Amino acid sequence: MPASWQSQLRGAARSLDELRARFLPGLEITPPMREAERRFPVLVTAHYASLVRTPDFSDPVFRQCVPAPGELVPAPWASRDPLEEEPFSPLPRLVRRYPDRAVLLACDACACRCRHCFRKRVSARGGPA
């Protein structure tokens, strides 16, 4: 029987060192990767790690899971809030864009901290990115 999502999250790697020790022994951790890890948390479940074929940025699943140094340099066209939710957030983790609808961001416990996440500003270390 496959592991439940709860057990997958409990057993997830939460640092580059843990990712290497438990799931990706061939992972080479560079100083720029460490710098990105300090700002953007790592969270990779065993399932996501099992999908990585080569533990480097040429692998698309690896690129999705591991903080990249390029994330520290914002693109000039990039927005901190690409969904434009902040003006419609009367409280943290509540978005009320329309009078009859609300989005409650109950938690940030995804199965992977995706590098392309539109809400990365919420999950970055030190609060909003």
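Values in this document were obtained by computation on a predicted structure and should not be read as measured data.

Draft legend 1. Fine view of the overall build of the protein. Looking only at helices and strands, the protein has six helices and two strands in total. Secondary structure elements of the protein, listed N to C terminal, follow the sequence α-α-α-α-α-β-β-α. Per-residue burial for the protein yields a buried fraction of 30% across its 129 residues. When contacts within the protein are restricted to residue pairs at least 6 apart in sequence, those whose partners lie at least 24 apart make up 58%.

Draft legend 2. Structural view of the pattern of salt bridges. With the rule as written, the count across this model stands at six salt bridges. Where R38 meets E35, a salt bridge forms, and the shortest distance between an N and an O atom there is 3.4 Å. With R38 and E35 both in helix α3 (residues 31-39) and three residues apart, this pair spans about one turn of that helix. By relative accessible area, which is 54% here, R38 ends up exposed. Connected through salt bridges with shared partners, the residues D17, R20, R34 and E37 form a single ionic network.

Draft legend 3. Seen up close, the nonpolar core. Counting residues in each nonpolar core, the largest one holds 16 residues, and the members touching the most others are L19, L27, F62 and V66. Mapped onto this core, the elements with two or more residues apiece are α2 (16-22) and α5 (60-65). Those residues in contact with L19, other than ones at most four positions away along the chain, are A13, L24, L27, V44, A49 and V66.

Draft legend 4. Expanded view of the side chain of E71. Summarising the element assignment, E71 is placed in the loop between α5 and β1 (94-95). According to the relative accessible area criterion, E71 is buried, its value standing at 18%. Polar contacts involving the side chain of E71 include one to the main-chain amide nitrogen of A68, which spans 2.7 Å.

Draft legend 5. Up close: the packing of aromatic side chains. Overall, the coordinates contain one aromatic pair when judged by the stated rule. Ring geometry for F57 versus F62: centroids 5.0 Å apart, planes at 75°, classification edge-to-face. A residue is classified by how much of its surface remains accessible, and F57, at 24% relative accessible area, is partly exposed. For F62, a relative accessible area of 1% corresponds to the buried category.

Draft legend 6. Here's a closer look at unusual backbone geometry. Even without being a glycine, R93 presents a positive backbone phi close to 70°. Within the element layout of this structure, R93 appears in the loop between α5 and β1. On the basis of relative accessibility, which here comes to 31%, the residue R93 falls in the partly exposed class.

Draft legend 7. Region of interest: the environment of V66. As for its placement among the helices and strands, V66 is situated in the loop between α5 and β1. You can call V66 buried: its relative accessible area is 1%. For the pair V66 and P41, spaced 25 residues apart in the sequence, the C-alpha separation amounts to 9.0 Å. The contacts of V66, once residues within four sequence positions are left out, are L16, L19, M33, F57, E71 and R115.

Basis of the calculations
- Residues numbered from 1 in each chain as written.
- Predicted model: local features only at pLDDT ≥ 70, side-chain atom pairs only at ≥ 80, totals over all residues.
- Heavy atoms only, no water.
- Helix = DSSP H or I, 4+ residues; strand = E, 2+ residues; numbered from the N terminus.
- Buried < 20%, exposed > 50% of the residue type's maximum accessible area, 1.4 Å probe, protein only.
- Contact = heavy atoms within 4.5 Å.
- Salt bridge = Lys/Arg side-chain N within 4 Å of Asp/Glu carboxyl O.
- Core = buried A, V, L, I, M, F, W, Y, C linked by side-chain atoms within 4.5 Å.
- Polar contact = N/O pair within 3.5 Å; in protein donor to acceptor, adjacent residues only side chain to side chain.
- Phe/Tyr/Trp six-rings, centres within 6.5 Å; stacked < 30°, edge-to-face > 60°.

Nothing here speaks to function; it is all geometry.
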